[in-house]
Every structure is written in structure tokens, then in C-alpha cells.
Amino acid sequence: GGGPQSDLPPELGAVLPGSVKRIEPYGVFVAMDGFRKFGLVHSSQVCNYLSFTKEDTDEMKKAELAGVVSIGERVFVKVVEIIEDDGSGRGPKIH
């Protein structure tokens, strides 16, 4: 793991506390305590009872997700995937 505000990615499998920072149609971005990078919790992994269809609009998806979590809410996330930097300079993607 990292220290205070580490640029290193967290360990795969780690369960970390964090705060919800942004809600998008495809998932929720969480600022993990002690790390600069945000993690993405895919919409299919936010809770067991949400499911979206292709007919659902982005606004509908965001509203459904916002019914489960809210901006600033404290949550725990599990790191299930780390995708290395794709050359964009943004660093690894954390899921």
C-alpha cells in the first residue's frame, strides 16, 4: 500500500475506506483514503439489485446509482482490478 496520499496503486484485493466523489452512468468514482487516484466501482458492482438495460438513459442510470450512494458518502471498496497506464499519462486504472 501507500502512505499519506500515495501515487502508488493500492494492493489488489485490498479493502479500503473512501468517499464517493462522482457518480456517472457507468459507475461511481471513490477517493480511497491514503491514495491520490480514484477507484471506479462499476455500476454492476455497486449493489446486488441494480440492473440496467440498453434502453435506460444516462440520466436514469445516474439517478438509480444516486439512490444507492451519494456524493461525499463514506464507503468501503475492494480493489478487484488494476490496469496499468495505457500511455495516456493518467496512471493505472483501479477497479
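This write-up is about the structure you can find in this document. (Residues numbered from 1 in each chain as written. Predicted model: local features only at pLDDT ≥ 70, side-chain atom pairs only at ≥ 80, totals over all residues. Heavy atoms only, no water.)

### Quick word on the pattern of salt bridges
Which entries qualify depends on this criterion: By definition here, a salt bridge exists when the distance from a side-chain nitrogen of Lys or Arg to a carboxyl oxygen of Asp or Glu is within 4 Å. Throughout, exposure labels follow a simple rule: accessible area from a 1.4 Å probe, protein chains only, divided by the maximum for the residue type, with under 20% read as buried, over 50% as exposed, and the rest as partly exposed. A run of H or I in DSSP counts as a helix once it spans at least four residues, and a run of E counts as a strand once it spans at least two, with each numbered from the N terminus.
Counted under the stated rule, the structure contains three salt bridges. Between Arg22 and Glu24 there is a salt bridge; the shortest N-O distance is 2.9 Å. Look at Arg22 and you get partly exposed, because its relative accessible area is 39%. Assessed through its relative accessible area of 18%, Glu24 is described here as buried. Asp33 serves as the salt-bridge partner of Arg74, at 2.6 Å between the closest nitrogen and oxygen. One end of the pair, Arg74, is in strand S4 (residues 74-78); the other, Asp33, is in the loop between strand S2 (27-32) and strand S3 (38-42), with 41 residues separating them in the sequence.

### Remarks on the packing of aromatic side chains
What counts here: Any two rings among Phe, Tyr and Trp, with Trp reduced to its six-membered ring, count as a pair given centres within 6.5 Å; such a pair is stacked if its planes are under 30 degrees apart, edge-to-face if over 60, and tilted if neither. Charge-over-ring placement is defined geometrically: NZ (Lys) or CZ (Arg) within 6 Å of the ring centre, and within 35 degrees of the ring normal.
Per the stated rule, a full pass over the model turns up one aromatic pair. With 6.1 Å between their ring centres and 90° between their planes, Tyr26 and Phe29 make a pair best called edge-to-face. Over the aromatic face of Phe29 sits the side chain of Arg22, whose NZ or CZ is 4.3 Å from the ring centroid.

### Some details on the side chain of Lys61
Let me state the cut-off plainly: None of His or the chain ends enter the tally, which takes Lys and Arg as positive and Asp and Glu as negative. By definition in these notes, contact holds between two residues if any of their heavy atoms fall within 4.5 Å.
By secondary structure assignment, the location of Lys61 is in helix H1 (residues 58-66). For the buried residue Lys61, which engages in no salt bridge, the nearest side chain bearing the opposite charge is Asp58, 4.4 Å off. With residues up to four places along the chain from it excluded, the contact list for Lys61 reads Pro25, Phe52, Thr53 and Asp56.

All quantities given are derived from atomic positions and should not be read as evidence of function.
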